[in-house]
Every structure is written in C-alpha cells, then in structure tokens.
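Each chain is listed here by its residues.
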Amino acid sequence: MAKNKKTTRRDFLYTATYTIGAVGLGATIWPFIDQMNPDKSVQALATTEVDVSTVEPGNSITVLWRGKPVFLKRRTQEEINEARAVNLKELKDPQKDEERVKEGKDEWLVMLGVCTHLGCVPLSNKGDYKGGWFCPCHGSHYDVSGRIRKGPAPVNMEIPKYEFVDNNTIKIG
Amino acid sequence: MSDHEYQPTSKAGKWFNDRLPLLSLVSHLKDYPTPKNLNYWWTFGGILTFCLLTQIITGIVLAMHYVAHADLAFGSVEHIMRDVNYGWLIRYIHSNGASMFFLAVYIHIFRSLFYGSYKSPREIIWIIGILIYLLMMAAAFMGYVLPWGQMSFWGATVITNLFSAIPLVGESITTWLWGAYSVDNPTLNRFFSLHYLIPFLILGLVVLHIWALHVPGNNNPVGIDIQKPSKDTVPFHPYITIKDIFALLVFMIIFAGFVFFAPNVLGHSDNYIPANPMVTPAHIVPEWYLLPFYAILRSVPDKLGGVILMFSAIFILFILPWLDTSKVRSAVFRPIYRQFFWILVLDILVLGYVGAMPAEGIYLVLARVGTIYYFLHFLVILPVVGYLEKTDPLPINISDAVMSGSSNLSIAKKDEKKV
Ligand code: HEM
Ligand code: FES
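Because the structure is predicted, anything quoted here is derived from the model rather than measured.

This part takes up the side chain of asparagine 219 of chain B. Residue and element names in this part refer to chain B. Structurally, the position occupied by asparagine 219 is in the loop between helix 9 (185-214) and strand 2 (233-235). The buried category is assigned to asparagine 219, whose relative accessible area is 3%. A distance of 2.8 Å separates a polar side-chain atom of asparagine 219 from the backbone oxygen of tyrosine 115. A polar atom in the side chain of asparagine 219 sits 2.9 Å from the side chain of serine 117. Among all residues touching asparagine 219, those that are not within four sequence positions of it are Pro35, Leu38, Trp42, Tyr115, Gly116, Ser117, Arg122 and Arg329.

This is the structure:
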C-alpha cells in the first residue's frame, strides 16, 4: 500500500466487519466443538469410595474410577524401604516415594493403573523392578512406587486426588 | 477433457443435456483417451472404487442392526452374526472388505511409486490420493472400535492416547476426543457417527481424484507423455472397462476366498472378548494394514518422538513429488531408482512384520533400522539418485515402445542384439 494513502471510512468498515464476523464465527463454532467435551453427567460420576479393610499387606486391589483402573496397593515395610532407597538421579521423572503417598499412610500407594505412554493397564509384580509393574503394550517398567524406570513412558504413573474418609475407606476423586 | 463437443442424438436427450450436461459427462468418460500400453497394475483404480462402494453398501446394512452403545454394541454384532438373515455374510464382507480395500490401495500406491505417477503434472492427483489414504485409515480405525471387543477398546485407547503426547494441550485433546476421562460410551457413539461419515468424504475426494486425473490423462508404464494427434491412445470404453472388469473378477475371487473360507484370519481373536477397561490383552496389535506405522511408533524410546515420527512417515508422502528430482517418470528407465524401489518395498514389509512382533530384542533393532531406512529413502536417496542417475533412453512415443514388444525399450534393444 502506498505510504501516503489515507485510511478511509471504507477501510474502517472492512476491518470492523471482518472482526465482528470472525468473533461471530468463533462463537458459532465453539458449541460444536465443546459438545464433545465430558458433560456434567460424566463429571458428576467423578468420585468413588473404596473399602480397603480386607486388603492384606503386600496385596493390592483394583477399582474402576472415571472409566480407568485405580491400583490401591498396601505395601510391606520392605517394599517401602526399597522404594525410598532409590537414588533419585537414576529416575527418568525424579520424584520421592514420600511425595507419592499420604504422610502417615505410607503403606498405601493409590495410583491410576494407566501406563503414561499410551494408556494400557500395566501388570503388577511383573517387569524388572521387584513389586513393580510392567506394561505389555510397548514395554514400560515401573518400580514399586509406580515410577517409570525403563521404556517409552515419559512420566510416573499418576496419583489421583484421594483422601482417607476413615482408616478403612478411601475416597478417590 | 474430450476433444469433441458431444451432441445427444435424441431430441429428449438434447433437451436434457442442454440443461444438465450429464450425457456429455458420460460420453467423456466413455471416450476418455487412455494410453494403449496400460498394464494390470492400472486396474486397481477401478478395484478401489468397487471396494469403496462395497463398504458403503454393506456398512449401511450393518448400521440397520448395529447399536452404538457400550453396553449393547458387542451383543448387537453377535446378533448380526447369529440372528440377522445373512448378517454373518454382510459383516464378513465388510470386515474383510476393509482389508481388501487396503490391499488394493497399497498396490495402487506402489504402482504410482514405480511408474512415477506422482510427478508433474499429476501432483494434485497424488496429494488427493494421500488424503484418501489418511481418511481410509481413520475410517478403518473407527470401524474396528465399533464391535467393542478387547482389541477395539485397547486399540482405541492406544491410538487416542497418541494425541496426549502433544505438549501442553495433549491431555485436553484426548479428553475432548473421548468425551469422558477414558475411552467410553461417548467415544463409541461419536466414532460410529464419524465412521458413517468418512466414507462419503472419501467418495467426494474420489470424484476430485478422477477429475484431476482427467486433466492430464493417465500416466503409463513407459511414463512419457501422450503425443497428440497420435495412435498412442484407445478409448476408455470398451478397452479399459473390459480389462478392469477382468481384473476385478480375479480380485473378487480372492475376496470371496477370505469371506467364505478364512473370514477371521486377518482379524484378532481377542476382539471376540467383550471390552474390559480393567485388563489390557497381553499382546495388542493393530490391523495388518497399520503395522508398518505401528513399528515406526514403537521404534522410538520416547513418547513424543515416536508419535512425531509416525505421523511424519505419512505426511512425508505429501511432498514426495518435490523430493524426487528425476525428470524421468517410469522406473523402467531408471536402473538405480528401480533397485531402491524394491528395497523400499522390502523395508515396508519388514516394518509390517516387526510391527506384529513384541517390541524387544532383534525386532526392536529391525524396527529401528527399517525406520531409519524409510526416511533415508525419501529424504536422501530420492533427491540424490535423481541427480546422479544415468537414465536409459526413452522411447520416442508410446506406440514405438509397444511395437518394440516390450515396455522397456532398452531391454527390447538388448534382446534384438542377441538375436
Ligand atoms: C471407507 C470405507 C469403510 C471402511 C474401511 C470400514 C471399515 C470397518 C471395519 C474395519 C469395521 C470392523 C469390522 C469388524 O471387525 O467387525 C467396521 C465396522 C462397521 N462399519 Fe464400516 N467401514 C467403511 C464404511 C462404512 C459405512 C459407509 C458404514 C455405514 C454406516 C459402515 C458401518 C459399519 C458398522 C455399523 C460397523 C460395526 C459392525 C461390525 O463390526 O461388523 N462402515 N467398518
Ligand atoms: S502403553 Fe504402556 S508402554 Fe505403551
């Protein structure tokens, strides 16, 4: 455009029309995109209470929460010691075992049983790390704290939001 | 386009054609000049059209009996198999039809690679073709989810999780795709909707593909342009139609062989177990036609890296016409490229094989070598060979090549000398 060309009334009208048009278009498209997100009824199912009184040390149970399995593992003292003895420098996603459990409830590891690679369910007590998990899909190994040690998964298995309602009941979500 | 202006003979025909020139279109399609040296590798376009129509017809019938709900889908497919009249037949045609469709498309694509059909002036035909191929993969993937068996569920989980590798927005995108916090009923429902839609998008692209083809006309085994006016071409009908029909019949015999004698060999038996979100099958594999890409994904020990490489393996095909620097189209006259072509075919077969094997040990090594070679072929070998290669002399015209008794003029010449 020529430098000395004056901005005309018409230029203003064009710009204003494009802008309003773009906003209108965006506002129209958004509902068609957002309809695919989880709706209120799906979000409403977002908590589960689990009775863990029957789980012996060294054992674990699996429950379904928001369509995904959650591992609740009651670890033995030996397993806890092992998880804490690990040198953090060896870890791909360094995190202390203490950060992955609730203080005073060290024996309970509550974690999403979902491989952080592409979402398969890892097998417990399998793989290269004792008391840990192995994902058969593409070969990720997790340790007894659910931390990624080997394989394509980028991060440790996720700890969901949870709390102890009482000594025997865990509320997930 | 046709060289002549078409005029219907009947008065009614003329009246109609003046208002909507459909008859002119039919006439164009009949008379469309085709190189007279097309071989059987050129019959796969027609075969692919047949495959698409077969999937659409059988699919619409299946949709009359199928229920897209997580609790009912598996049962409804069993109902199709056991109760619906001829339901087993229609479902087996549809599920094996997907495999036959891919078999045909792979042959069609390798035909283009061998004879340089992607080169100027046919780049747009090629690009539309790759778009069709992408949509076919999407359609087949979502179709495979519909029976809601174990492979359906876990295949859907792994593939949708690919998007979670995208930094920052990855998680939100997967949740958005799922409509839940995992693959669940909303996912199944929308996949059904899209599975129904995509074949019609493909149909639209096929029209564009053929339209773009009819501008420059077909490439041919010697890869040189048609000379006008010349005796290089024959009308599409009846010469090509009859050849296409013959090839189609042979194809249908193989197709029927699968449907009636081995309807499940190409599938995975785990998909006859209802989906269970608590247990992943020990060995999950995609359908055979996606295996080479799966091998590429798994060859990288990094999540984002693997996903990027896998998508690049497909998207690199879009720029192929500009990566190949050789002006000569047909590999018949390209002694060096011809050998690399076959190495690429072998490479992709190896990738497909290791994609079906566990990702460990020798398989992982093979997958890595295969992946590196795949990219090397397109990014290094093609551009360099195009510059360095000394191509064989091209025939003057197609008739000349045909008359010399072989599509390969240089081979024909050598034979003459021997005699
Ligand atoms: C590009 C064309 C298409 C391809 C490649 C394709 C592929 C597939 C595949 C691989 C399956 C899974 C088969 C199985 O294992 O049971 C499937 C299922 C299904 N498809 Fe298609 N499809 C196509 C077109 C269509 C169309 C146009 C419809 C029409 C609505 C349709 C409706 C269905 C239904 C209802 C099922 C579930 C029943 C079943 O699993 O057999 N498909 N499709
Ligand atoms: S999903 Fe677990 S390793 Fe890929």
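So, about the layout of surface pockets. All names here are of chain B. Size it by volume and the largest pocket reaches roughly 1400 Å³. Forming the boundary of the largest pocket are 49 residues, of which Gly45, Thr49, His209, Ile210 and Leu213 lie nearest the centre. Every element with two or more residues in the lining of the largest pocket is listed here: helix 2 (22-31), helix 3 (44-63), helix 5 (87-115), helix 6 (123-145), helix 9 and helix 10 (236-261). When residues of the lining of the largest pocket are assigned to their parent elements, the largest contribution, nine residues, is made by helix 9. Grouping the amino acids of the lining of the largest pocket by side-chain chemistry returns 30 nonpolar, 15 polar and four charged. Here the second largest pocket defines a volume of roughly 900 Å³. As for the second largest pocket, its lining consists of 43 residues, and the residues nearest its centre are His94, Ser95, Gly143, Tyr144 and His195. Mapped by element, the contributors of at least two residues to the lining of the second largest pocket are helix 3, helix 4 (73-82), helix 5, helix 6 and helix 9. Broken down by element, the residue count for the lining of the second largest pocket peaks at eight residues, all from helix 5. For the lining of the second largest pocket, the class distribution of residues is 27 nonpolar, 13 polar and three charged.

Below, the discussion takes up helix 11 (residues 291-299) of chain B. Residue and element names in this part refer to chain B. Taking burial as the measure, the nine residues of helix 11 include nine buried ones, the bulk of the element. Among the residues of helix 11, Leu291, Pro292, Phe293, Tyr294, Ala295, Ile296, Leu297, Arg298 and Ser299 are the ones counted as buried. Next to the buried residues of helix 11 lie helix 5, helix 6, helix 12 (303-315), helix 14 (335-356) and helix 15 (361-388).

Attention shifts here to helix 8 (residues 170-178) of chain B. All names here are of chain B. Listing the buried residues of helix 8 in full gives Gly170, Thr174, Thr175, Leu177 and Trp178. Down the axis of helix 8, the sector holding all buried residues measures 160°, keeping them to one side. Where helix 8 ends, the next residue or the one after it, glycine 179, has phi of about 70°, a positive value.

All names here are of chain B. Between helix 11 and helix 14, the least distance of the axes is 7 Å, while the angle of their chain directions is 70°. With respect to helix 14, the axis of helix 11 lies roughly perpendicular. Contacts between helix 11 and helix 14 involve Leu291, Pro292, Tyr294, Ala295, Ile296 and Arg298 from the former and Ile348, Leu351, Gly352, Val354, Gly355 and Ala356 from the latter.

Bringing the site of ligand 1 into the picture now. Residues and elements named next belong to chain B. Around ligand 1, the structure places 23 residues, and the nearest of them are Gly59, Arg91, His94, His195 and Tyr196. Separating an oxygen atom of ligand 1 from a side-chain N or O atom of arginine 91 is a distance of 2.7 Å. Within the side chain of histidine 195, a nitrogen or oxygen atom sits 2.7 Å from a nitrogen atom of ligand 1. Taken atom by atom, the bulk of ligand 1 overlaps the second largest pocket. Among the elements of the structure, helix 3, helix 5, helix 6 and helix 9 are those that each provide at least two residues to the shell around ligand 1. No other element matches the six residues that helix 3 contributes to the shell around ligand 1. Looking at the shell around ligand 1 residue by residue, the classes come out as 16 nonpolar, six polar and one charged.

Analysis parameters
- Residues numbered from 1 in each chain as written.
- Chains lettered and ligands numbered in written order.
- Predicted model: local features only at pLDDT ≥ 70, side-chain atom pairs only at ≥ 80, totals over all residues.
- Heavy atoms only, no water.
- Helix = DSSP H or I, 4+ residues; strand = E, 2+ residues; numbered from the N terminus.
- Buried < 20%, exposed > 50% of the residue type's maximum accessible area, 1.4 Å probe, protein only.
- Polar contact = N/O pair within 3.5 Å; in protein donor to acceptor, adjacent residues only side chain to side chain.
- Contact = heavy atoms within 4.5 Å.
- 1 Å grid on protein atoms, 1.4 Å probe; cavity = no way out; pocket = protein on both sides within 12 Å on 5 of 7 lines; lining within 4 Å.
- Points joined across faces, edges and corners; volume = space filled by probe spheres on them.
- Nonpolar A, V, L, I, M, F, W, Y, C, P; charged D, E, K, R; others polar.
- Arc of directions from axis to C-beta.
- Axes fitted to C-alpha atoms, helices over the stretch in contact; angles between N-to-C directions.
- Parallel < 35°, antiparallel > 145°, perpendicular 65-115°, else oblique.
- Near = heavy atom within 4 Å.
- Sits in = over half its atoms within 2 Å of the grid points.

In short, the description is geometric, and any link to function would need to be established separately.
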